[in-house]
Each structure stands twice: as C-alpha cells, then as structure tokens.
Amino acid sequence: MRDPQNKDSDTDSFNIIKIIGFAGGAVAFALVNVAITLTVLKHSGNLGHPEVVSIDAVDLIRAFVDAQGRDVSDEELQARVRVLNANLEPIVQAYAMERGLVIVSSAAALGGVRDVTPEFLHNAGLLP
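This write-up is about the structure you can find in this document. Since we're looking at a predicted model, the values are computed, not measured.

Concerning the pairing of strand β1 (residues 51-55)
In this sheet, strand β2 (residues 101-105) lies alongside β1 in parallel orientation, the contact comprising five bridges. Within β2, the position partnered with Glu 51 by the bridge is Leu 101. Pairing geometry for β1 and strand β3 (residues 114-115), over two bridges, is parallel. Opposite Ser 54, over in β3, you have Asp 115 as the bridge partner.

Structure representation (structure tokens):
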C-alpha cells in the first residue's frame, strides 16, 4: 500500500527489515562459531598453532567394515555403519580437542597436511 507522502510501501520496509534481521542473525551465528573455536583452541593449548590434519572418510569406513569380520551379517554390518555415521562427528571433534588438532576431510585438503586416519581408527576405539 502506497502512502502519497511516503514513496516506500509497507512491504518494502518489511522486506528490508527482514533482510537486516537475517544478516544480523548470520553475523551473530558466525561470531558464536568463532568464539567456540577460540575457546576450544585455548583449552587445547594450541591457540596460536593448531596442527591441521586430515582424515580420509572412505578409508575410515573401509577399515571399519573390514574390521567387523566375515561372520557379521549384511544387516548387522549396515546397522553398525549407520551408528558410526551418526556418531562420527562428535568422535572426530573429541579426538581433535584432546590432541589440539584441526581435522579436515582429505577430500578437501589440497596437500601439505598429515593424514591421521590409521591412528584415528586405533586411538578413537573404532577398531575391535
């Protein structure tokens, strides 16, 4: 609805306010993530120089499946892999925090980072 004296419509004002609200929310979300990251780095003792390492998700799943043995049924194996997938992120986060690491997917790393997949599998208790 247009006001003859005011050239802006109520809809335009609402859209601008909505956009500003979304932008403010995104900035707040980003600041919270930065604060959490800095807190984790501070508590791990690596605020200045955390080591960036990678984990190969394909190798991780393959090693996990191979370690389950041949006597596990396909249904049980699928159930175990689903449980692993559901819990993998918190396991990786805990592992990174304990060791003061920043872990990235090997698919995202272009090079120059150490692959910790084998030691992660053993130290995180994912292999029997």
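On we go.
Here's the deal with helix α3 (residues 74-99)
Taking 1.5 Å per residue as the helical rise, α3 with its 26 residues ought to reach 38 Å, and the 35 Å between its terminal C-alpha atoms agrees with that figure. A bend of about 50 degrees at Asn 87 is the largest found in α3, and the proline Pro 90 appears one to four places after it. Taken residue by residue, α3 has Val 81, Leu 84, Leu 88, Val 92, Tyr 95 and Ala 96 as its buried positions. On its buried face, α3 sits against β1, α2 (57-67), β2 and α4 (117-123). Backbone geometry just downstream of α3 places Gly 100 in the positive-phi region, at approximately 65 degrees.

The rules behind the values
- Residues numbered from 1 in each chain as written.
- Predicted model: local features only at pLDDT ≥ 70, side-chain atom pairs only at ≥ 80, totals over all residues.
- Heavy atoms only, no water.
- Pairing = 2+ DSSP bridges.
- Helix = DSSP H or I, 4+ residues; strand = E, 2+ residues; numbered from the N terminus.
- Expected span 1.5 Å × (residues − 1).
- Bend = angle between axes of the 7 residues up to and from the residue.
- Buried < 20%, exposed > 50% of the residue type's maximum accessible area, 1.4 Å probe, protein only.
- Contact = heavy atoms within 4.5 Å.

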